[in-house]
Structures are given as structure tokens and as C-alpha cells.
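Descriptive analysis of the structure
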Amino acid sequence: MAGILMKCLFFLLSVCLAANFAICTTSNIPNTKKTYIIQIDKWAKPDVFIDHVKWYSSLVKSATAGEEEERILYSYQTAFHGVAAQLSEEEINKLRAQHGVLAVFPETKYQLHTTRSPLFLGLDREDSSKLWSDKLADHNVIVGVLDTGIWPESPSFNDTGMTPIPAHWKGACETGRGFEKHHCSKKIVGARVFYRGYEAASGKINERGEYKSARDQDGHGTHTAGIVAGSVVRGANLLGYAYGTARGMAPGARIAAYKVCWVGGCFSSDILSAVDQAVADGVNVLSISLGGGVSSYNRDSLSIAAFGAMEKGVFVSCSAGNGGPDPISLTNVSPWITTVGASTMDRDFPATVKFGTGKVITGASLYKGKRNLSTEKQYSLIYLGNNSSSPMPSSLCLEGSLDGSEVAGKIVICDRGISPRVQKGQVVKDAGGIGMILTNTAANGEELVADSHLIPAVAVGETEGKLIKHYASGRNATATLKFLGTKLGIRPSPVVAAFSSRGPNFLTLEILKPDMVAPGVNILAAWTGALGPSSLPTDQRRTNFNILSGTSMSCPHVSGIAALLKARHPDWSPAAIKSALMTTAYVHDNTYNSLKDSSTATPSTPYDHGAGHINPRKAVDPGLVYDIGAQDYFEFLCTQQLSPSQLMVFARFSNRTCHHWLANPGDLNYPAISAVFPEDAKVSTLTLHRTATNVGSPISNYHVRVSSFKGAVVKVEPSRLNFTSKHQKLSYKVIFETKSRQKAPEFGSLIWKDGAHKVRSPIVITWLASI
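Residues numbered from 1 in each chain as written. Predicted model: local features only at pLDDT ≥ 70, side-chain atom pairs only at ≥ 80, totals over all residues. Heavy atoms only, no water.

1. Here we look at the overall build of the protein chain
The helix and strand tally for the protein chain stands at 18 helices and 40 strands. Taken against the 2.2 N^0.38 rule, which gives 28 Å for 771 residues, the C-alpha radius of gyration of the protein chain at 26 Å falls within 12% of a compact globule. Taking all 771 residues of the protein chain together, 60% fall into the buried category. On the protein chain, roughly 29600 Å² of surface is accessible, and the fraction owed to carbon and sulfur atoms is 52%. Here the protein chain contributes 77 positively and 63 negatively charged side chains, and the mean placements of these two sets differ by 5 Å. (Helix = DSSP H or I, 4+ residues; strand = E, 2+ residues; numbered from the N terminus. Rg over C-alpha atoms; globule rule 2.2 N^0.38 Å. Buried < 20%, exposed > 50% of the residue type's maximum accessible area, 1.4 Å probe, protein only. Areas by Shrake-Rupley, 256 points an atom, 1.4 Å probe, with all protein chains shown as cover. Lys, Arg positive; Asp, Glu negative; His and termini not counted. Charge placed at Lys NZ, Arg CZ, Asp CG, Glu CD.)

In C-alpha cells, the structure reads:
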């Protein structure tokens, strides 16, 4: 644990140094205008102003000496209150002093976190329809997808047979190049674009090269929207791979596309405006597959906007990030956000490398092209690295690093890293190579991610990669590549993806993150018609579907399941939906062993998989839920040593104040339990509290089972919960008594059973060490 804490401190120091550097460089040019998000207390509006927008404008003008130039990019009025405006450092300092200004956030750049999953999740079984809505109630659920837009012609967005758009929808279908009113439908009920923050930072969008409309040129947004709520499409495939019926998690739900990401990235002022507008439009679920690092709760504009969305009853799902397997690599860690990591499914796309010696190594690939290598012939094999731990431009196959005279007519070994995987194949092809073997490094371990390469190419794990490079270092090394199509029933599965970002949550160790994992490796879903499946500009192929990997893919799986739960249980809060997903998650693979970490092939921990892998069929009937209201989350914030002015950024809607209901952050009624013993060894006992709400049979009797731990004795009082009515709440406490302080965290679980349900909460016990 000391090592983890040192990494936390190093990370915080890095953040502080970066912030100080930014402040220093800005101070040298005080008149440079930058975009800032200014949060304003809506209740402080003077009566002289007829509405908030005019007041906000007046505040900004007061800081700019009444300058006529329009500085305001956005006004926020629903999930967040305030404006985004272009101001100099001197002007923003003036504005900070104005009455009603709560906080100022510099513009932040975010990045995208970039079939079989319904069947893998048990949603295609014959009896699954009985578990969900019989009356198409999910048709009334609207999921807002914040991403790169949408390709409306995709068969995944066919609205045949759908009922009229629900009356609560207040959104719009904004038109622009390539996107007209008729592109919205009973499936795509709304489409909006947000680019003012992007243009303020990066200049005007080149409308010849990019759609300045909701049309998706990138493909990421279409893919995530298809995972959330794609309609049923039979015969879906990518160049013959993954052939079958594609459907989203909630195929009857509606999609509202909010385009916030452009060629140069996604900016916080645009994202904030999209969240604000989506809540006003009437979405029930927000799916956000992007992230931008970690800031304290009161300094994270997306976190604050998500808090406002939660207050309005909107479920917010975000990707955990693709920074794994490094610890403390999570983004989107606020407890009111559902943070989703990535895992594999039981489907793979095997390909083999056969050496001249006859030895065969198995990897993965989605290659399908005209240039196939003969499996009856051997081809020269070359590696332009030095077999040391330090990669070279040529070993990474970076652009311009390969000498055509060396690689022409050969299979080239390329190390993974720095540049996109498919781009390495293009570099090999341009240099005259005829094939590529993509080898993992220690950062990726044995995880295999399949790609739609433009050249015959096979990805292999780190161990196999070392063998291949050793073989290639000898004389007359040869190989050939073979592509075996789609294979089902892979064991073990699921496995936590190596790239999936990991905990602990260094902002608050008492809040376990990620919350759960969901399918995020090699996911088939809808695709744009503007790009080939490799996303390279040289790729002239066009497909209706593509296979991608990332927590960007796992997040919409959870968003779609949340939409199904909202349809089945319209009275459930966002916290109740999250609880149902977490307490029914499983932690064993299809070999009945503990979930494994792909990067190490060893058992994963709650820092990797959270509560476990989602199980939609169980989540619809969880038995008990741990509900959390907006005031409860605010009480959690009251434990975070925030000043009254910092707390105000979360208190704007109902003038919340701290009642100090929680003795410590671990007392938040979270479905996961994390006990953190302080450095003071005299503190040997901790007591955490939980309240369970009965959502099962009115008369239900539960008994508890708790894991044993080396370092502590864990007791639960009472050990039985006897419910006599539905929605009844019963409380219990979990008492941790230290036996011997452990250097590393210990993991286990607490399970409530009634014969029909198993309500499982992961437990983490941490003993902080003096540094």
C-alpha cells in the first residue's frame, strides 16, 4: 500500500507542477484570451435582471469593461449554472471577485476512450424477454450519447416498428452539412452539435474535411450508440468476421446524439453544454465514453455537471479509461458516476504464425484482403530492434523508420506502442513489406486485441513476441501467417482487459473504483460510412459494422443495461440502478475460477474489476439495493475537507448544507465497502454503516456471509435482515477489528442471502502506512 500511496503523491505532485507551469506561462501573456467555465449561483441573481442569461452577460461585461465583442460561448441553466466565456487572466480575476461567482474552471481537453455481447450477457436467451418489459416500456427510455456524432443510415438505427417518440422528449434535430431533419427518427430522436469551445481553442472547423453537424465521420460515436441501443440486424459482420445478429443492449430505447468530439479532441465547455442540454431535453441515461484525467471533485466540471444530472434523476455512465494496467490510472471517479472498466468475451479471432522450423504460435487478427500469404510457403522474417527493453523507432515501425531495401518482400516484426497498431501495418506496406507480426510489450502482456489491418498481420502476446524476436535474430528466419476466422467458446472468459484503467481511487480510497467491468474487447457494432474499418485514410473499404476495443465500448454496454432497468423499474433512482448492477455482478469466469487480469494472467482484484462483471439477468431482480440520494452524496462531499465555497458548487439547486450524517467517507451507502485504517496504529477498530432497501418479495429474510481476512476480524450487526414489506429499509453496521496491520490491501466480500438472491458487496481493507 505504501507503494500505491507513493504513486498517488507522485501523481499529485505532477499535477501540481503541471498546473503551476500553466499558471506561469499564462502569466507571461496576461492579455491572451482563453476559455473559462464560470459557475454562478443561480439564487444570487439580482431582481433587476429578468432572467439569468442577461445577468450572466452583465457579469462578463463588467469584467471586460463593457467591451462589445461577444465573449460568451455557452450559457448553462439545467445540470450546471453559469457560462463559458473567452477572457484574459486579468479579466477572469476581476470576475472571480463578483458576487454570485462560485468557481472558475479553465478549459480542459478530453479524449475518447477508445455481435456477441448480448448473448454473452444472457440477453438473447429465450426466457430473457420475460425478465424485461412485455409492453415495450423501454421504448420510452432515451439515452443521450456524448461522442463524435452518429451515422443515421446505419441499419442499427432502423426505427421500423417503434412507437411514437415519448411525450417527455423536448430535444431537437439540428441540421448541418450531411445531416437533415429526416435523419432523425423514432430511433434517433435528437441530434445536436457543440463546437464553440473547440473552435475557440483550435480555430474554425474545416467544413470541407469534417462534418460540422451531427454526422459522424470518426465512427466512434456510431459504434457506442449502436452498443447502447442498436436495432436488431441479422447477418451483421466485419468482412466475414463475427457473423451473426447484432443488437444493442436496449434495442427498443431511443438515442439522442450529442456531438462533442472533433478531429482535435473534445473540450470541457462543449461537453458541459451537452450534458446541460441533454438533461433539459429529457434524457434518462447519459453515456459518456471519454475522459480527461482526474481533478478534485470541486474542480472537475464534468463531475459537477454529472452531479446536477443525477439530481434530475439521470443515470450517468462513463468509461474508466484505457490507462491500464498501471494502478491509479482511473478517470471519472466521482461516486455519483458509474465508472466502467473493460473485459473480454468468449469470442476470439485467431491467427497463427508458423516458423520455418514448423513451430506454430497463435495470435489474433481481423485481416481480410486480397494480399494473402501462401500457407505452403515461407517468407523471410525481420526485426529491426535490438532485443533490449528500450524500443527503437524501427522496432516500433514508426512512420519513416523502415528502410525499404531491408524489409521489401519480408514479414516485419513490430513492437506495440506510440503509434496506432493499424498504422504500423501501413508503414510496413509502404516500405514494401508483405506482412507484419505485432508483438506486445510488458505494458500489454498477453492481451490480444484484433485489428482490421491493411496488410496480412497477426498480433501476439509478450511471451510469444519474445520467442519470435529471438528466432528472427538467427540466420534465415522465415514464417508465414494464417487467418482462422471467428472462434467461440473461448476459455477462460471474461478476463479483465490489460488496457482497462485501474484503481485505487486516489481522491477517496473509501470509494472503490471502477464500479464494474463489461465487454470492451473486440466488440462488433455499427460503423460510419465515411471511413474504412482501420480508420486510416488510405483504407478504401466500407462496412456497416466494425470491431473496436476500449473502455469506450464497455461504457455503453452498462448505459444500455441501465436503460433496460429504467424501463422495468421507472421509479428506481440512478443509485438504485447502479446498486443492482454492482451487487449482482459476478467474479468468476467460465472455468469457475476467479476473474483474471489479462496483463498478468493472475487473479484480478476489485481495483481491476470493481464489483465484478455485469450480469443483466440478475440485475433486473437484485433483491436489495443500496439507495443514495443527492443529499447523501452531498454529505459525502462534506467529509472531503472542502471549504464552504467549494461545497457551494454542488449545493446550487436546493441550497444544501452539511448535516454531518456520515462519520467518514466510507459511510456513504455505496454498494462496495472500503475500510481505510489511518496511519495511527492506535486506531484498531472501524465501523461502517449501510442501509438496504427491499425491492424483492415483501416478506424476505436475509442472512449474511463475510469473507475472512488475515489482518482483521469483520463482524456484521445484525447478521439477519427480516423485511416485512417492499421498499422497507433496514440498516446494519460492519465492524472491522485489526488483528495485524497488513502492508497490502486485503480483498473479500459481504453477501446477503435469502435463498433466491445473493446481494454481494466487495470489501477492501487498507492500512495506511507512515511515509
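2. Side note on the pairing of strand β37 (residues 720–723)
Along β37, the buried face is formed by Leu721 and Phe723; none of Arg720 and Asn722, which line the opposite face, is buried. Pairing between strand β35 (residues 700–706) and β37: four bridges, direction antiparallel. Residue pairing for β37: Ser700 is matched across the bridge by Phe723. (Pairing = 2+ DSSP bridges.)

3. As for the pattern of salt bridges
Considering all chains together, one arrives at 18 salt bridges under this definition. The residue Arg215 makes a salt bridge to Glu153 at a minimum N-O spacing of 2.7 Å. Of this pair, Arg215 sits in the loop between α6 (196–202) and α7 (220–229) while Glu153 is found in the loop between β6 (142–147) and β7 (188–193), placing the two residues 62 residues apart along the sequence. What makes Arg215 buried here is its relative accessible area of 5%. (Salt bridge = Lys/Arg side-chain N within 4 Å of Asp/Glu carboxyl O.)

4. A few points about the packing of aromatic side chains
This structure, assessed with the given rule, holds 22 aromatic pairs. Measuring from centroid to centroid gives 5.5 Å for Tyr76 and Phe80, while their planes differ by 90 degrees, and the two rings are edge-to-face. There is no split in this pair, since Tyr76 and Phe80 are both buried. Residues Phe677 and Trp767 carry aromatic rings whose centres are separated by 5.8 Å and whose planes lie at 5 degrees to one another, so their mutual orientation is stacked. Linking Phe677 in strand β33 (residues 673–677) with Trp767 in strand β40 (residues 758–767), this pair joins segments that are 90 residues apart in sequence. Note on accessibility: Phe677 and Trp767 belong to one class, buried. Every member of this aromatic cluster is reached through a ring pair, and the members are Tyr74, Tyr76, Phe80, Phe105, Phe194 and Tyr258. The lysine or arginine in question, Lys42, covers the ring of Trp43, its NZ or CZ lying 4.9 Å from the ring centre. Positioned above the aromatic ring of Trp151 is the side chain of Arg215, whose terminal nitrogen or guanidinium carbon lies 4.4 Å from the ring centre. (Phe/Tyr/Trp six-rings, centres within 6.5 Å; stacked < 30°, edge-to-face > 60°. Lys NZ or Arg CZ within 6 Å of the ring centre and 35° of its normal.)

5. Quick notes on the sheet that holds strand β39 (residues 746–753)
The five strands are arranged β33-β40-β39-β35-β37 in an open sheet whose pairing can be described as mixed. The open sheet is flanked by β33 and β37, the only strands paired with a single partner. In this sheet, adjacent strand axes meet at a mean angle of 20 degrees when their direction is disregarded. Bridge analysis of β39 against β40 gives eight bridges, and the strand direction is antiparallel. Along β40, the bridge assignment pairs Leu750 with Ser761. (Axes fitted to C-alpha atoms, helices over the stretch in contact; angles between N-to-C directions.)

6. What about the domain arrangement of the protein chain?
On domain assignment, one finds that the protein chain holds domain 1 (34–105), domain 2 (117–345 + 494–620), domain 3 (350–485) and domain 4 (624–628 + 669–767). Relative to domain 4, the C-alpha centre of domain 1 lies at a distance of 46 Å. (Domains from an automatic or database assignment.)

7. What to know about the UniProt feature "domain: Subtilisin-like protease fibronectin type-III" (unreviewed entry) in the protein chain
Look at the UniProt record and you will see "domain: Subtilisin-like protease fibronectin type-III" (unreviewed entry) annotated at residues 667–765. Overall, residues 667–765 shows 0% helix and 59% strand. The separation of its end C-alpha atoms is 14 Å. (UniProt positions renumbered as here; feature names shortened; annotations may be inferred.)

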